[in-house]
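# Coordinate inspection notes
This is what each chain is made of:
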Amino acid sequence: MLSMADLNATGLEGVILTQLSEPQSQFTRELFDLWKELKGEQEMPSKSDFKPERMKAYLPNLYIVDIIDGGADYRLRLIGTALTQMVGRDMTGHLISAVPETQWRGRIYDTVVRERAPVGYLSQLGRPGGPAVTTENIVLPALDMEGEFSELVCASVLVKGP
């Protein structure tokens, strides 16, 4: 569960509005349902369970985060095209610690790592040269190819904006 400090976290890029007890949008509900299906009786699915043919509809709004040193930092490994357009820049390859305006996201990732469970939330994002938008977000834990918990499968979808 996110703390009040986490809920009030701000950065130049965004602010967490509220944590969600369950996915609200059709997009995040379907992705969460797929995650539950893929994990089956396991604690979480493996990255290899997310087959490209099943993920195609989600790719523009998907991003993959590498967990570095058990959560000491996070690398934005893959970012969908819709998200790059939404925030006005491509953050692929960046470490959360190296980009001050994204460090608030690290608190969310810390919660997922600590609880080893999905987190959904609404956030408001400021965009360079544009109005703020509200997004619904989901962060899903996943195992890497070696069976270690070292990845987050995440998605953001626009729920209010221009």
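Residues numbered from 1 in each chain as written. Predicted model: local features only at pLDDT ≥ 70, side-chain atom pairs only at ≥ 80, totals over all residues. Heavy atoms only, no water.

## Side note on helix α2 (residues 26-39)
Short version of the rule: To qualify as a helix, a DSSP run of H or I must reach at least 4 residues; to qualify as a strand, a run of E must reach at least 2; elements of each kind are numbered from the N terminus. Any helix carries an expected span of 1.5 Å times its number of residues minus one. Partly exposed residues are those whose accessible area sits between 20% and 50% of the maximum for their type, while under 20% is buried and over 50% is exposed, using a 1.4 Å probe and protein chains only. Arc definition: directions from the helix axis to the C-beta atoms.
A rise of 1.5 Å per residue sets the reference length of α2, with its 14 residues, at 20 Å; its end C-alpha atoms lie 20 Å apart and thus fit the reference within 8%. By the burial criterion, the buried members of α2 are Phe-27, Thr-28, Leu-31, Phe-32, Leu-34, Trp-35, Leu-38 and Lys-39. For α2, the angular spread of the buried residues around the axis is 155 degrees, confining them to a single face. The positive-phi residue at the C-terminal boundary of α2 is Gly-40, with phi of around 55 degrees.

## Remarks on the confidence of the model for the protein chain
Rules: For every residue, the predictor states its confidence as a pLDDT score lying anywhere from 0 to 100. The contact rule is simple, with two residues in contact once any of their heavy atoms fall within 4.5 Å.
With 87% of its residues at a pLDDT of 70 or more, the protein chain has an overall mean of 85. No element of the protein chain has a lower mean pLDDT than helix α1 (residues 4-7), which averages 38, and none a higher one than α2, which averages 96. Ignoring residues within four places in sequence, the model shows residues 1-12, a span with pLDDT below 50, making 28 contacts including any to other chains.

## Some thoughts on the pattern of salt bridges
In plain terms, the rule: One side-chain nitrogen of Lys or Arg within 4 Å of one carboxyl oxygen of Asp or Glu is enough to make a salt bridge.
This structure, assessed with the given rule, holds six salt bridges. Ionic pairing is found between Asp-33 and Lys-36, a salt bridge with its closest N-O pair at 3.7 Å. Of this pair, Asp-33 and Lys-36 are both found in helix α2, three residues apart, which corresponds to roughly one turn of the helix. Measuring nitrogen to oxygen at the nearest pair gives 3.9 Å for the salt bridge that ties Glu-151 to Lys-47. Taken as a pair, Glu-151 in strand β6 (residues 149-160) and Lys-47 in the loop between α2 and α3 (52-55) lie far apart in primary sequence, 104 residues in all. Shared partners join several salt bridges into a network, and the residues in it are Lys-47, Asp-66, Arg-77 and Glu-151.

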